[in-house]
Amino acid sequence: MGELQRHFARQLRLLRLQRGWSQAELAEEVRISQTTISDMESGKRWAKPNILERLMSALGVGVDDLLGRKQDVPRRKGSQDGIGADNTPQSGGGNLQRV
């Protein structure tokens, strides 16, 4: 499991527990199975973008909160919102299993 997936798994569980929700309750809010929530929290699965959007909406958080990233991470010189100095999209990459 990569670092980003580990942060995601930890944050998903933390945010769910902060709201006092069970895995089943979050799953119902997001319209996925409880098993999928469990697999994401244990790092066995990664979420597709549409599931990430529904998780963020249900939990009332942004992508940085859900992925456990700090808001003030310095950007590479010439980089702005994921765009490199040559105006091409920059990608962090990684091979994660998708739900």
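Up top is the structure these notes are about.
Here, residues in each chain are numbered from 1, in the same order as that chain's written sequence. Thresholds applied to this predicted model are a pLDDT of at least 70 for local features of residues and 80 or more for the giving and counting of side-chain atom pairs; totals over whole chains, interfaces and linings are not thresholded and use all residues. To get the side-chain values, all heavy atoms of the structure are used, and hydrogens and water are removed first.

1. Focus on the packing of aromatic side chains
Two rings from Phe, Tyr or Trp (for Trp, the six-membered ring) form a pair when their centres sit within 6.5 Å of each other. Planes less than 30 degrees apart are called stacked, planes more than 60 degrees apart edge-to-face, and all others tilted. Summed over the entire model, instances satisfying the criterion amount to one aromatic pair. Judged by centre distance (4.7 Å) and plane angle (70 degrees), the rings of F8 and W46 are edge-to-face. Here F8, found in helix α1 (residues 3-18), pairs with W46, found in the loop between α3 (34-41) and α4 (49-59); they are 38 residues apart in sequence, far enough to count as distant. The buried category is assigned to F8, whose relative accessible area is 0%. The exposure class of W46 is buried, given its relative accessible area of 7%. Numbering of helices and strands runs from the N terminus; a helix is a DSSP stretch of H or I covering at least four residues, while a strand is a stretch of E covering at least two. For the exposure calls, accessible area comes from a 1.4 Å probe over protein chains only, and a residue counts as buried if that area is under 20% of its type's maximum, exposed if over 50%, partly exposed in between.

2. Some details on the nonpolar core
Core analysis: the biggest nonpolar cluster contains 20 residues, and F8, L12, L26, M40, L55 and L66 have the highest contact counts within it. Residue assignment for this core shows that the elements contributing at least two residues are α1, α2 (23-30), α3, α4 and α5 (63-67). It is α4 that contributes the most residues to this core, six residues altogether. If near-sequence neighbours (up to four positions away) are discounted, L12 is found in contact with L26, I37, M40, E41, L55, L59 and L66. Residues belong to a common nonpolar core when they are buried Ala, Val, Leu, Ile, Met, Phe, Trp, Tyr or Cys residues joined through side-chain atoms within 4.5 Å. Every residue pair with non-hydrogen atoms within 4.5 Å of one another is taken to be in contact.

3. Focus on unusual backbone geometry
Positive phi, normally seen in glycine, also occurs at R31, with a value near 65 degrees. Relative to the assigned elements, R31 resides in the loop between α2 and α3. Look at R31 and you get exposed, because its relative accessible area is 61%.

4. Remarks on the packing of α2 against α4
Every axis in this analysis is a line fitted to C-alpha atoms, fitted for helices over the stretch in contact. Angles between the N-to-C directions lie between 0 and 180 degrees. Close contact between α2 and α4 brings their axes to 9 Å; oriented N to C, the two are set at 115 degrees. For the element pair α2 / α4, the angle class is roughly perpendicular. In this structure, α2 crosses over α4, and the sense of that crossing is right-handed. Contacts between α2 and α4 involve L26, E29 and V30 from the first element and I51, R54, L55, A58 and L59 from the second. Under the convention adopted here, Pro, Cys and the residues Ala, Val, Leu, Ile, Met, Phe, Trp and Tyr are nonpolar, Asp, Glu, Lys and Arg are charged, and Gly plus all remaining residues are polar. Of the residues contributing to the contact of α2 with α4, the split by class is six nonpolar, no polar and two charged. Any angle that is under 35 degrees is reported as roughly parallel, and any over 145 degrees as roughly antiparallel; angles of 65 to 115 degrees are reported as roughly perpendicular and all others as oblique. Should the near helix be turned counterclockwise from the far one by less than a right angle, the crossing is left-handed, whereas a clockwise turn marks it as right-handed.

5. Overview of the pattern of salt bridges
When a carboxyl oxygen of Asp or Glu lies within 4 Å of a side-chain nitrogen of Lys or Arg, that pair is called a salt bridge. Tallied over the full model, the rule gives two salt bridges. We note a salt bridge from E41 to R16, for which the minimum N-O separation is 2.6 Å. In this pair, E41 sits in helix α3 while R16 sits in helix α1, placing the two residues 25 residues apart along the sequence. Of the residues examined, E41 reaches a relative accessible area of 12% and is grouped as buried. With a relative accessible area of 7%, R16 lands in the buried category. Notably, a salt bridge pairs D39 with R45, separated by 3.4 Å at the nearest N-O pair. On the accessibility criterion, D39 (15% relative accessible area) is buried.

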